[in-house]
Amino acid sequence: RPYAAAALFTLMPTWLHFLQARDLLTANDANAALDDLAELKPDLHNYFANLAGDDGLGTAVANWPN
């Protein structure tokens, strides 16, 4: 399920921002979560960039978290 995985990864900053806006997550916790996710980016980008048939997934992960 590469599309679901790419969507989850690329939308995580938005979700963390939503949780912060509702005072359900501190800024420090959100930043720590993003730092942890950033460690996955190179591997995910490599996987999605080499996925046959859809260059958009690799591009979406490459542009994360922007």
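A short tour of the structure in this document, coming up. Keep in mind that what you see is a predicted model, and the values were worked out from it rather than measured.

A short note on the packing of helix 1 (residues 2-21) against helix 2 (residues 27-38)
Contact geometry of helix 1 with helix 2 gives a least axis separation of 10 Å together with a crossing angle of 175°. The orientation of helix 1 with respect to helix 2, classified from their angle, is roughly antiparallel. Where helix 1 approaches helix 2, its residues Phe9, Met12, Pro13, Leu16 and Gln20 are matched on the opposing element by Ala27, Ala30, Ala33, Leu34 and Leu37. A breakdown of the residues in the contact of helix 1 with helix 2 according to their chemical character gives nine nonpolar, one polar and no charged.

Structural notes on helix 1
Because each turn of an α-helix spans 3.6 residues, side chains separated by three or four positions end up pointing in the same direction. The first and last C-alpha atoms of helix 1 sit 29 Å apart over 20 residues, in line with the 28 Å expected at 1.5 Å per residue. At Met12, helix 1 shows its strongest bend, of approximately 45°, with the proline Pro13 following within four residues. Along helix 1, the positions that sit buried rather than exposed are Ala6, Phe9, Pro13, Leu16 and Leu19. Asp23, located one to two residues past helix 1, shows a positive phi value of around 55°.

Scoring rules and cut-offs
Residues numbered from 1 in each chain as written. Predicted model: local features only at pLDDT ≥ 70, side-chain atom pairs only at ≥ 80, totals over all residues. Heavy atoms only, no water. Axes fitted to C-alpha atoms, helices over the stretch in contact; angles between N-to-C directions. Helix = DSSP H or I, 4+ residues; strand = E, 2+ residues; numbered from the N terminus. Parallel < 35°, antiparallel > 145°, perpendicular 65-115°, else oblique. Contact = heavy atoms within 4.5 Å. Nonpolar A, V, L, I, M, F, W, Y, C, P; charged D, E, K, R; others polar. Expected span 1.5 Å × (residues − 1). Bend = angle between axes of the 7 residues up to and from the residue. Buried < 20%, exposed > 50% of the residue type's maximum accessible area, 1.4 Å probe, protein only.

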